[in-house]
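Read off the chains here:
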Amino acid sequence: MIMNILMGRYNRILVFFSLLFIANLTFAQTIKGVLVDSKGIPQPGIEVQLLNTDYVAYTNGSGVFRFFDLKQGDYTIVTRNDATVSQNFTISGSDVNLESIVFSNSEINEADNQITVISVDDLDQIEDDNNGVSSVLTASRDPYNRAVAYNLSVLRYRSRGYNNEDVGQFLNGMPVNDLDDGRVFWNNWGGLNDVLRVQTNDLNLRASDFAFGELGGASFIDLRASSQRVQKKVVYSLSNRSYTHRLMYTHSTGMQENGWAFTFSGSKRWAQSGFIDGTHYDAYSYFMSVDRKLTNNQTLNFVFLGAPLRRGKVGPTVQEALDLAGNNFYNPNWGYQAGQVRNAREDRVHQPIAMLRHDIDLGTKTKIMTTVGFQTGKYGNTRLDWYLAPDPRPDYYRKLPSFQLTDDARLAVTDFFSSDENNRQLNWDNMYKVNRERPLTVYDIDGIPGNNKTGNLAAYVIEEQRFDTEKLSLNSIFTHNATSTLSFNGGITLLHESTHNFKVLDDLLGADFYVDYDDFALRDFPDNNDAKQNDLNNPNRILQEGDVFGFNYNIVTRNLGGWGQVQYAGKHLDLFASAKVENVSFYRDGQTRVGTFPENSFGKSEVSSFLTYGTKVGATYKINGRNYLYAVGGYRTRAPFSRFAFISPRTRQDIVNGLTTEKILSAEAGYSFVYSKLKGRISTFYTQYKDQLDNSSFYFDQANTFVNYIMNGVDKQHSGVEGGFELTLPYGFSIEAAGAINQNFYTSRPLATISQDNSATELVVDRTVYIKNYYVPGPQTAGSITLGYRMNGWFGNITGSFVGDNYLDFNPDRRTVNGVEPVSKVEQPELWNEIIAQEKLPSIFTLNLFVGKSFRINGHYTSINASVGNLLNRTDLRTGGFEQYRFDYEEKNIDKFPPKYFYSYGRNYSFNFSISF
């Protein structure tokens, strides 16, 4: 596993060896070793040499190195600096297995959020083709992946166009991808930077020692207390990004003589407002890890962590509203209440995780790691809700100048919005006023005749939509090294996840009560008193703050799977093959009897079950210890995610018609090189998705109701070339460059079904959506170049980043016959093209600066660093957005519901100070 460590160029390094000989008489012997630090963490990418020979190897992602075809005799191993570090041993007729090679006195890179990759030293030994060659380093972030992680991701570039669910994430052995949609919610452990640094990142399709892996690879974060750096560390940060202040403390003992190890960490991050107005931030985090060494080869670890978060959100909006505000960072989600800023949209999250991990070494060949994890808590976000009242949002399209019918009206609205900030924000005081002057009598409350109540019925409330998850997991991984060249990995996983989806009445905004009615059903079925009830088991229910209302159901997903892998590491050829099989099942458990679906909403639905599988094979040809060629390919099926498998889970049990598994074919090939002053990679890839499902809900203007828009048979193709290199220059300078050219686009014409949300009526069946050759939303090309400096404790870099060919997410129904008729391609080509064209955003270039200094004060390691993003203060960097699903079907006016956009921050900064005791 990777410990995020930066080895200084001139640091002296002490290495000592504990030798274990295994009898295996051959004419030519093999040396195998594992390089670890003082806490037992494997060290990847370190050059190891047999002194006065041409034998050179590099440790792989697990810290392992190998030398092949050695004759009997005396040898000396050196690493990095042969003048100060050496170890002598003799080969006398058997292979040598070097265990627990301790690599100490490492310096930690204290720069905030900087994941460091170990680079080779200044030796430039050219290897003989007859020598054994260590396996290519795949677990660390190479220059391309580092550029994506730190420079390009803020511009919404996604490597290969993959989504969050295409990368498997493991926390101390616990899989943490949500089962209902496959995604990872990183905020669950936000603010715990110093205990998340021990990582192994297996890229894309390549072999992994801890998982079969997803398309984008797999990442493992080791949270054991014995794996953490021994330290007492305090960090303070000042920023104008999401938060203004951060204070963090970490204390780690390492493994003590009594067999115990402890790590504690905690932080607080806060801001009255982030970079964008109205985005307050209040977050804590806590972490405890305890190790107990049961025997010399058996350890038990317990981890408990959490990260309570409450933050104001920014809402995407149309360019017209941004122009009226004179600010591309205008946020319509907030307004003044009694002179104080209040945001209607908040994230409120606290989902703590507890896990128990057991590691056992069954001798020199077999190791087993088992983790049992449990996660619970809340994930909520607030929003305005209103009942029989006008839309209060300031950027609602009917309030904007473009909706007005006369020039005078447009000028008046323009002046209204532009003249006073209060006029383009939420009017909290008015909502309170309306709520306090709305008397109404509700009859037969809870279905009891004569149980009536009179009071001020809320026109506007704040609701909190909740998606609370309970997750239980068991994951066991074994590794067996059958010989020095052949190893087996595998594991089993049992996952159970129940996501409770419901709404809570958060704030009545001065009213006496609210009612649990479906506003749309009340309008669509005025003669059906039952239809308006959100819960027929409790009809005519009045609501107070804290009450659950509206939708209320659980989605329960289970996953039982296993995987296996065999790896061969030869003299010049590495091979691997792996396979997995999973059974995924899910069902909906309704907690209410919905008025529009009284027989199909309450209780447990039928269970849907899917058997999926995957396989992949790969080869690496090691030209020598510096140059590698590799190729890998795989095929897998993936069960539909349960969150999207139901037509309308808020209201009923019905499953999407034709639900089937997704089929994914993928391959990649590349060339990697590792020299003392130059390393890098260039690769090409191809991924084909078949039978994806897309399920969206929105207000459908053509039917004047809320609908579910379901597309079956969505196919895509992702392909391209990517690469990067890192060049070490004299006097402490270096250059890193990375880039990618992708072609990610749709390859099918899926069929859409449009169903009314509050009725079983299917408004449209099998409508062809003509999106073949449309681009997958997001940038298709990206690149960055960094000039860095590191010497005598000073470090810094300046980076230029670029993304281009960035395409907007689109409304699929505009790309149907229904979307364009009666417009003629021949007679009205300009309008026809405007309706179907996919918007391409302008290319983006940013400049970022990072500088710092590390030094010692009275023996305490201290670091000061600062970063400035968007150094040129470009405020017009449109990074993404989406077309609204609402569309003017009658007039074909594409400007009536224009796209909503996201913009990158203007000039922003972060200052960090840390000291270790």
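Residues numbered from 1 in each chain as written. Predicted model: local features only at pLDDT ≥ 70, side-chain atom pairs only at ≥ 80, totals over all residues. Heavy atoms only, no water.

### A look at the overall build of the chain
For step 1, the next point in the chain: Check the secondary structure of the chain and you find 8 helices and 51 strands.
For step 2, the next point in the chain: Scored against the burial criterion, the 917 residues of the chain give a buried share of 57%.
For step 3, the next point in the chain: A separation threshold of at least 6 residues defines the contact pool for the chain, and within that pool the share at least 24 residues apart is 72%.
For step 4, the next point in the chain: Carbon and sulfur atoms make up 54% of the accessible area of the chain, which totals about 37200 Å². (Helix = DSSP H or I, 4+ residues; strand = E, 2+ residues; numbered from the N terminus. Buried < 20%, exposed > 50% of the residue type's maximum accessible area, 1.4 Å probe, protein only. Contact = heavy atoms within 4.5 Å. Areas by Shrake-Rupley, 256 points an atom, 1.4 Å probe, with all protein chains shown as cover.)

### A closer look at the sheet that holds strand β20 (residues 317-318)
Neighbouring strands of a sheet are bound in pairs by backbone hydrogen bonds; such pairs are parallel or else antiparallel.
For step 1, the next point in the chain: If you trace the 3 strands from one edge of the open sheet to the other, you get β20-β50-β49, paired in antiparallel fashion. Edge positions in the sheet fall to β20 and β49 (878-882), since each of these pairs with one other strand and no more.
For step 2, the next point in the chain: As defined by bridge partners, β49 adjoins strand β50 (residues 900-903) across 4 bridges and the pair is classed as antiparallel. In the sheet register, Gly-880 faces β50, and the bridge partner there is Phe-902. (Pairing = 2+ DSSP bridges.)

### Some points on the environment of Gln-256
For step 1, the next point in the chain: Positionally, Gln-256 belongs in the loop between β15 (245-252) and β16 (260-271).
For step 2, the next point in the chain: Take Gln-256: its relative accessible area is 32%, and that puts it in the partly exposed class.
For step 3, the next point in the chain: The spacing of Gln-256 and Lys-293 is 37 residues in sequence and 9.6 Å in space, taken between C-alpha atoms.
For step 4, the next point in the chain: The residues touching Gln-256, leaving out its near neighbours within four places in the chain, are Ala-261 and Phe-262.

### With respect to the pattern of salt bridges
For step 1, the next point in the chain: With the rule as written, the count across this model stands at 50 salt bridges.
For step 2, the next point in the chain: Between Arg-410 and Asp-407 there is a salt bridge, with the nearest N and O atoms lying 2.4 Å from each other. With Arg-410 and Asp-407 both in helix α3 (residues 407-419), this residue pair falls 3 residues apart, about one helical turn.
For step 3, the next point in the chain: The exposure class of Asp-407 is exposed, given its relative accessible area of 52%.
For step 4, the next point in the chain: Between Asp-813 and Arg-767 there is a salt bridge, with its nearest N and O atoms 2.9 Å apart. Placement of the pair is Asp-813 in the loop between β45 (794-807) and α7 (817-820) and Arg-767 in strand β43 (residues 762-768), with a sequence separation of 46 residues. Across the pair, exposure class does not vary: Asp-813 and Arg-767 are buried alike.
For step 5, the next point in the chain: Through salt bridges with shared partners, a single ionic network connects Arg-310, Glu-346, Arg-348, Lys-378, Glu-464, Arg-466, Asp-468 and Asp-506. (Salt bridge = Lys/Arg side-chain N within 4 Å of Asp/Glu carboxyl O.)

### With respect to the pairing of strand β40 (residues 705-728)
For step 1, the next point in the chain: Sheet topology note: the strand β39 (residues 678-700)/β40 ladder contains 20 bridges and is antiparallel. When the sheet's bridge partners are listed, Thr-687 is paired in β40 with His-718.
For step 2, the next point in the chain: Taking the residues that link successive antiparallel strands as the turn, the β39-β40 hairpin has 4 residues, and the phi of Asn-704 there is positive, at about 55 degrees.
For step 3, the next point in the chain: Sheet analysis places β40 next to strand β42 (residues 751-756), joined by 6 bridges and oriented antiparallel. Bridge pairing in β42 links Asn-708 to Ser-755.
For step 4, the next point in the chain: Hairpin remark: β40 followed by strand β41 (residues 733-746), antiparallel, with 4 residues in the connecting loop; positive phi at Tyr-731, about 65 degrees.

### Some details on unusual backbone geometry
Comment: phi is negative for the bulk of residues other than glycine, and the bulk of peptide bonds are trans.
For step 1, the next point in the chain: Glu-821 connects to Pro-822 through a cis peptide bond whose omega is 5 degrees.
For step 2, the next point in the chain: Tracing the chain through its elements places Pro-822 in the loop between α7 and α8 (829-836).
For step 3, the next point in the chain: Despite not being glycine, Ala-338 shows a phi value in the positive range, around 50 degrees.
For step 4, the next point in the chain: Relative to the helices and strands, Ala-338 resides in the loop between β21 (334-337) and β22 (340-343).
For step 5, the next point in the chain: We classify Ala-338 as exposed; its relative accessible area is 65%.

### Description of the packing of aromatic side chains
For step 1, the next point in the chain: For the structure shown, the criterion picks out 37 aromatic pairs.
For step 2, the next point in the chain: When the ring of Trp-186 is compared with that of Trp-189, the centres are 5.7 Å apart and the planes differ by 75 degrees; the resulting orientation is edge-to-face.
For step 3, the next point in the chain: Trp-186 gets classed as partly exposed once you look at its relative accessible area, which sits at 44%.
For step 4, the next point in the chain: Residue class for Trp-189 comes out buried when judged on its relative accessible area of 4%.
For step 5, the next point in the chain: When the ring of Phe-262 is compared with that of Phe-264, the centres are 6.3 Å apart and the planes differ by 10 degrees; the resulting orientation is stacked. (Phe/Tyr/Trp six-rings, centres within 6.5 Å; stacked < 30°, edge-to-face > 60°.)

### A short note on the nonpolar core
For step 1, the next point in the chain: Membership of the largest hydrophobic core comes to 23 residues, with the highest contact counts inside it found for Tyr-709 and Tyr-746.
For step 2, the next point in the chain: Among the elements of the structure, β39, β40, β42 and α8 are those that each provide at least two residues to this core.
For step 3, the next point in the chain: The element best represented in this core is β40, accounting for 4 residues.
For step 4, the next point in the chain: Those residues in contact with Tyr-709 that lie beyond four places of it in its chain are Asp-694, Asn-695, Ser-696, Phe-698, Ala-752, Thr-753, Ile-754, Val-769, Pro-812, Asp-813 and Thr-816.
For step 5, the next point in the chain: In terms of nonpolar packing, the next biggest core, distinct from the first, is built from 16 residues, Tyr-387, Ala-511, Phe-513 and Tyr-514 among them. (Core = buried A, V, L, I, M, F, W, Y, C linked by side-chain atoms within 4.5 Å.)

### Looking at a nonpolar patch on the surface
For step 1, the next point in the chain: Taken together, the side chains of Phe-302, Phe-304, Leu-356, Val-372, Phe-374 and Leu-472 present a nonpolar region at the surface, about 480 Å² in accessible area.
For step 2, the next point in the chain: For the nonpolar patch, the secondary structure elements donating two or more residues are β18 (298-306) and β25 (366-375).
For step 3, the next point in the chain: By secondary structure assignment, the location of Phe-302 is in strand β18. (Patch = residues over 30% accessible without salt bridge, like charges linked within 9 Å, V, L, I, M, F, W, Y side chains within 5 Å.)

### Remarks on α8
For step 1, the next point in the chain: Within the sequence span of α8, burial applies to Trp-832, Ile-835 and Ile-836. Projected down its long axis, α8 carries its buried residues within an arc of 85 degrees, all on one side.
For step 2, the next point in the chain: On its buried side, α8 packs onto α7. (Arc of directions from axis to C-beta.)

### Things to note about the pairing of strand β36 (residues 608-622)
For step 1, the next point in the chain: In this structure, strand β34 (residues 573-590) lies alongside β36, joined through 14 bridges in antiparallel fashion. Within β36, the residue paired with Ser-585 across the bridge is Ser-609.
For step 2, the next point in the chain: Bridge analysis of β36 against strand β37 (residues 627-638) gives 9 bridges, and the strand direction is antiparallel. Bridging from a neighbouring strand, Gly-618 pairs with Val-632 of β37.
For step 3, the next point in the chain: In sequence, β36 turns back onto β37 through a hairpin of 4 residues.

Keep in mind these values describe shape, not function.
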